[in-house]
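Chains, contacts and geometry: an overview
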Amino acid sequence: PGVTISGILPSLIVAIVLALLNATLGLLLKILTLPINLLTLGLLGFVINVIMIMLSAEIVAGFYIRGFFAAAVFAILVSLINYALHQAFSEETSR
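These numbers come from a predicted model, not from an experiment.

Quick look at the overall build of the protein now. For the protein, the count of helices and strands is 4 helices and 2 strands. Along its sequence from the N terminus, the protein presents helices and strands in the succession β-α-α-α-β-α. Referenced to the eigenvectors of the C-alpha coordinate spread, the extents of the protein come out at roughly 40 × 35 × 25 Å. Evaluated residue by residue, the protein yields a buried proportion of 26% over its 95 residues. Taking the contacts inside the protein whose residues are at least 6 apart along the sequence as the reference set, 58% of them involve residues at least 24 apart. Roughly 6,900 Å² of accessible area belongs to the protein as shown, and the carbon and sulfur atoms make up 73% of that amount.

We now examine the packing of helix α1 (residues 8-32) against helix α3 (residues 43-59). With their axes 10 Å apart at the nearest point, α1 and α3 run at an angle of 140 degrees to one another. The angle between α1 and α3 places the two elements in the oblique class. For α1 against α3, the interelement crossing comes out right-handed. Across from Val17, Leu18, Leu21, Asn22, Leu25, Gly26, Leu29 and Lys30 in α1, the residues of α3 making contact are Gly45, Ile48, Asn49, Met52, Ile53, Leu55, Ser56 and Ile59. Looking at the contact of α1 with α3 residue by residue, the classes come out as 10 nonpolar, 5 polar and 1 charged.

Let us now look at the packing of aromatic side chains. How two aromatic rings sit relative to each other is set out by the distance from centre to centre and by the angle between their planes. Summed over the entire model, instances satisfying the criterion amount to 1 aromatic pair. Between Phe63 and Phe74 the ring centres are 5.7 Å apart and the planes differ by 55 degrees, which places this aromatic pair in the tilted class. Note that Phe63 is positioned in strand β2 (residues 63-65) and Phe74 in helix α4 (residues 68-89), a separation of 11 residues in sequence. Both residues of the pair, Phe63 and Phe74, count as buried.

Rules and cut-offs
- In this convention, every chain numbers its residues from 1, walking through the sequence in written order.
- For a predicted model such as this one, the threshold for reporting local features is a pLDDT of at least 70, and the threshold for listing and counting side-chain atom pairs is 80 or more; totals across whole chains, interfaces and linings nevertheless cover every residue.
- Note that the side-chain values use all heavy atoms of the structure and ignore hydrogens as well as water.
- Only DSSP runs of H or I reaching four residues or more are called helices, and only runs of E reaching two or more are called strands; each is numbered from the N terminus.
- Throughout this description, buried means an accessible area under 20% of the type-specific maximum (1.4 Å probe, protein chains only), exposed means over 50%, and partly exposed covers the range between.
- Two residues qualify as a contact provided that any one of their heavy atoms is within 4.5 Å of a heavy atom in the partner residue.
- Exposure was quantified through the Shrake-Rupley algorithm and a 1.4 Å probe, taking into account, for residues, occlusion by the shown protein chains and nothing else.
- Axes, fitted as lines to C-alpha atoms, cover a helix only where it is in contact. Angles between the N-to-C directions of the axes lie from 0 to 180 degrees.
- Each angle receives one of four descriptions, namely roughly parallel if under 35 degrees, roughly antiparallel if over 145, roughly perpendicular if within 65 to 115, and oblique otherwise.
- Here is the rule for handedness: rotate from the far helix to the near one, and if that takes an anticlockwise turn smaller than a right angle the crossing is left-handed, while a clockwise turn gives right-handed.
- Charged means Asp, Glu, Lys or Arg here, nonpolar means Ala, Val, Leu, Ile, Met, Phe, Trp, Tyr, Cys or Pro, and polar covers whatever is left, Gly included.
- Think of it this way: a Phe, Tyr or Trp ring, Trp meaning its six-membered ring, pairs with another when their centres are within 6.5 Å, and the plane angle makes it stacked under 30 degrees, edge-to-face over 60, tilted otherwise.

See below:
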């Protein structure tokens, strides 16, 4: 209920914008905050992902997030879907 995407085209644009943000600004933030991220056992990395999602909502018209909690739930769902797709389509290397 806290995330609204108005159609197929905005969802594709969100995917591209989020990928670009994570590859550039997100990576830079994760490198700069590495010591704190180690102390928080990765929690800061999750917060950075949530901030990237909220930033992409500000950039893309047709993608709206109600607040930080909704963005956090969205980040968890994106992570679970990413994990499932990775498991489904990656080659099995260890047996």
